[in-house]
Amino acid sequence: MEVSSPPRRMPPAERREQLIDAAVSIAAQDGYENVAFEAVANRASVTRNLVYHYFPGGRQQLIEAAAHRAGEKLSSGWVTDPEIPLAQRLEANLNRMIDHAFEPTDAWQLYRQGRGVIDPGLQKIALLYRERVISNIALNQIGTTQPPPIVRVALDGFLAYVETVIESSIAKEVPRDQVIELVRGTLMSAMNAAAGASAPGPQG
């Protein structure tokens, strides 16, 4: 009779990271609904009880940890250094998004899933990281992470547009430089339109 070997010992922090990575991978491939302790245990070559040890809050705690991991990967590392020319910052940030979408990475797939989930906890997490990206764009464009409401609305719509453009350009093999030029022009139009909408109307 074959005896399975015990899971390889890891420091607790490393083990938790491994389990979250396994959950992210499963969710990206099969959807959040298929993330279960048993599936994560099998992917990580550990026992189901060990997964529960790290996520005693149950499956919800596990899938929310996966959603946070995806959001962190997409929203961190945004180039906002004012010493770098704005055009270069925009190009770097767009290239980073295109890289995620082109593979596509697990983080990108979970982010896109997050737009349509009905789970309130996952919706809240998706909104958190979307707002972080919007704040970074606002910081680059107008120098603040707290833009006026009309500007935030414009940037939210712009971000949805960018996601669609990137995925469509990949499918149609449109060169990156053309995509970046298209998005740059659209961003300027969105910002100008927001500024016009927020300007005081004529008196009378």
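Residues numbered from 1 in each chain as written. Predicted model: local features only at pLDDT ≥ 70, side-chain atom pairs only at ≥ 80, totals over all residues. Heavy atoms only, no water.

### Some thoughts on the environment of Gln-178
Next, step 1: When you line up the elements, Gln-178 lands in helix H9 (residues 176-198).
Next, step 2: Between the C-alpha atom of Gln-178 and that of Ala-190, which follows or precedes it by 12 residues, the distance is 18 Å. (Helix = DSSP H or I, 4+ residues; strand = E, 2+ residues; numbered from the N terminus.)

### A short note on the side chain of Glu-163
Next, step 1: Mapped onto the elements of the fold, Glu-163 is located in helix H8 (residues 149-171).
Next, step 2: Discounting chain neighbours no more than four positions away, the residues touching Glu-163 are Trp-108, Tyr-111, Arg-112, Arg-115 and Arg-130. (Contact = heavy atoms within 4.5 Å.)

### With respect to helix H5 (residues 86-102)
Next, step 1: Across its 17 residues, H5 extends 24 Å between first and last C-alpha, which sits within 8% of the 24 Å expected from 1.5 Å per residue.
Next, step 2: Structurally, H5 contributes buried residues whose contacts are with helix H4 (59-75), helix H6 (106-114), helix H7 (120-142), H8 and H9. (Expected span 1.5 Å × (residues − 1).)

### A word on the pattern of salt bridges
Next, step 1: Overall, the coordinates contain 10 salt bridges when judged by the stated rule.
Next, step 2: A salt bridge links Glu-131 to Arg-152; its shortest N-O distance comes to 2.3 Å. Residue Glu-131 is found in helix H7, and its partner Arg-152 is found in helix H8; the two are separated by 21 residues along the sequence.
Next, step 3: Glu-181 is paired through a salt bridge with Arg-184; the nearest N and O atoms lie 2.7 Å apart. With a gap of three residues between them, Glu-181 and Arg-184 both fall in helix H9, about one helical turn apart.
Next, step 4: If you follow the salt bridges from partner to partner, you end up with Arg-112, Arg-130, Asp-156, Glu-163 and Glu-167 in one network. (Salt bridge = Lys/Arg side-chain N within 4 Å of Asp/Glu carboxyl O.)

### Some points on the side chain of Arg-152
Next, step 1: Note on Arg-152: relative accessible area 19%, which makes it buried.
Next, step 2: A polar side-chain atom of Arg-152 sits 3.3 Å from the main-chain carbonyl oxygen of Thr-145.
Next, step 3: Look past the residues within four positions of Arg-152 in its chain and what remains in contact with it is Glu-131, Ile-134, Ser-135, Thr-145, Gln-146 and Pro-147. (Buried < 20%, exposed > 50% of the residue type's maximum accessible area, 1.4 Å probe, protein only. Polar contact = N/O pair within 3.5 Å; in protein donor to acceptor, adjacent residues only side chain to side chain.)

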